[in-house]
Amino acid sequence: MGRAFEYRKAAKMKRWGHMAKTFTRLGKQIAIAVKAGGPEPENNPALRSVIAVCKRENMPKDNIDRAIKNAMGKDQSDYKSVTYEGYGPHGVAILVDTLTDNTTRTVADVRSVFNKFSGNMGTTGSLSFLFDHKCVFTFKQKPGMDMDDFVLEMIDYGMDEDFDIDEEEGTVTIYGAPSSYNEIQKKLEADGYEDVGGEFTYIPNDTKAVTAEERETIDKMVAKLEDFDDVQTVYTNLAPEA
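Calculation criteria
Residues numbered from 1 in each chain as written. Predicted model: local features only at pLDDT ≥ 70, side-chain atom pairs only at ≥ 80, totals over all residues. Heavy atoms only, no water. Helix = DSSP H or I, 4+ residues; strand = E, 2+ residues; numbered from the N terminus. Expected span 1.5 Å × (residues − 1). Buried < 20%, exposed > 50% of the residue type's maximum accessible area, 1.4 Å probe, protein only. Polar contact = N/O pair within 3.5 Å; in protein donor to acceptor, adjacent residues only side chain to side chain. Lys, Arg positive; Asp, Glu negative; His and termini not counted. Salt bridge = Lys/Arg side-chain N within 4 Å of Asp/Glu carboxyl O. Contact = heavy atoms within 4.5 Å. Pairing = 2+ DSSP bridges. Core = buried A, V, L, I, M, F, W, Y, C linked by side-chain atoms within 4.5 Å. Axes fitted to C-alpha atoms, helices over the stretch in contact; angles between N-to-C directions.

Undergrad: Sorry if this is basic, but what is going on with helix α3 (residues 45-56) here?
TA: Helical periodicity: at 3.6 residues per turn, an α-helix aligns residues three or four positions apart in one direction. With 12 residues, α3 ought to run about 16 Å at 1.5 Å a step, and its terminal C-alpha atoms sit 17 Å apart, in line with that. For α3, the complete set of buried residues consists of L47, S49, V50, I51, A52, V53 and C54. Capping the start of α3 is the job of one residue whose side-chain oxygen sits 3.2 Å from the backbone nitrogen of A46: N44. Just downstream of α3 lies N58, where phi reads positive at about 60°.

Below is the structure:
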């Protein structure tokens, strides 16, 4: 398994314990997609992609339909994507991905947690060298799919050479530069791959090992950050548990 797959599997396990939070996160992504391209999935690639992720996260259809309907309301606020970064306890790097309609509130909430755990927030981009920013797509694997041929073709559309296969789920996960998102999605859909769900992620290019006691403190900080509705995902360069 690749390091990206290892981190995605760990994140997925955590999300199972925070289903309501996950649905709130996805609801905001639906709102952004609808506002950008309309409420009809067949005419809105971004919305199709978010809906595929919703299905993978077992979000009920009623919740998806309600989020689309709510996004069409005149009183719905516009969300802005903001990533905050800094060092937490024991020198662990932390990125906090948010969608917010009030950056003053959000930065105050995030800073309060960094302060509580004796961390330090940095300026935008100050920790970018520690992470690779990627777009990531997960979709159903076709029967008899030749991955060598697939990779050779998809590289022309911006896909990285690395990929991961989840035999249990029957899915393939691929990665690329964020700027390649649209081209990769169009190609996957044109070639008939099903349930193409795309997201953006940060993958640590170097990890930091900690003791079990130190990990417990960091996990508590991450949990506090994830409690805020504006927080979408929290990334760290913490080494996975052995």
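Undergrad: Help me out: how do you make sense of the side chain of R215 in this one?
TA: Here R215 shows up in helix α8 (residues 212-226). E241 is the oppositely charged side chain nearest to the buried, salt-bridge-free R215, at an N-O distance of 4.2 Å. Residue contacts for R215: discarding those within four places in its chain leaves V210, L238, A239, P240 and E241.

Undergrad: Could you clarify how one ought to interpret the pairing of strand β8 (residues 231-236) in this entry?
TA: Counting buried residues in β8 gives 5 out of 6 residues, a clear majority hidden from the surface. In this sheet, β8 lies alongside strand β2 (residues 93-100) in antiparallel orientation, the contact comprising 5 bridges. For I94, the partnering residue across the bridge sits in β8 and is T236.

Undergrad: Can you walk me through the pattern of salt bridges in this structure?
TA: Two side chains that carry opposite charge are able to pair once their charged atoms sit near each other. Per the counting criterion, the structure on display carries 13 salt bridges. One salt bridge in this structure joins R105 and D230, with 2.8 Å as the shortest N-O distance. Of this pair, R105 sits in helix α5 (residues 103-116) while D230 is found in the loop between α8 and β8, placing the two residues 125 residues apart along the sequence. Of the residues examined, R105 reaches a relative accessible area of 33% and is grouped as partly exposed. One salt bridge in this structure joins E194 and K140, with 4.0 Å as the shortest N-O distance. Of the two residues, E194 sits in the loop between α7 (181-190) and β7 (197-204) while K140 sits in strand β4 (residues 131-140), which places them 54 residues apart along the sequence. Classification of E194 by relative accessible area gives partly exposed; the value is 48%. Look at K140 and you get partly exposed, because its relative accessible area is 41%.

Undergrad: Sorry, what's going on with the nonpolar core here?
TA: Nonpolar side chains in soluble globular proteins tend to end up buried together. Of all hydrophobic cores here, the largest spans 17 residues; its most connected members are I94, V96, M221, L225 and V234. Elements supplying a minimum of two residues to this core: β1 (80-87), β2, α5, α8 and β8. Broken down by element, this core gets its largest block of residues, 4 residues, from α8. Those residues in contact with V234 that sit more than four places away from it in its chain are I94, L95, V96, V222, L225 and E226.

Undergrad: How should the sheet that holds β8 be read in this particular structure?
TA: Hydrogen bonding along the main chain pairs the strands of a sheet, whether they run parallel or antiparallel. Across the sheet, 4 strands lie side by side as β3-β1-β2-β8; this open sheet has antiparallel pairing. A strand with exactly one partner marks an edge of an open sheet, and here the two such strands are β3 (120-121) and β8. Pairing analysis gives 8 bridges linking β1 to β2, with the strands arranged antiparallel. From the neighbouring strand, Y84 faces β2, where its bridge partner is V96. Along the sheet face, α5 touches β1, β2 and β3 and points at about 20° away from the line of β1. In the packing of α8 onto the sheet, contacts are made with β2 and β8, and the angle to β8 comes to roughly 160°.

Undergrad: What should I look at first to understand the sheet that holds strand β5 (residues 159-166) in this one?
TA: Pairing within the open sheet is antiparallel, and its 4 strands lie in the order β5-β6-β4-β7. At either end of the open sheet lies a strand with only one pairing partner, and these are β5 and β7. Neighbour-to-neighbour, the strand axes of the sheet open up by a mean angle of 30°, direction not taken into account. Looking at chain direction, β5 and strand β6 (residues 171-176) are connected through 5 bridges and run antiparallel. By the bridge assignment for β6, D164 is matched with T173. Contacts from α7 reach β4, β5, β6 and β7, with the element oriented near 15° to β4.

These figures capture arrangement, not role.
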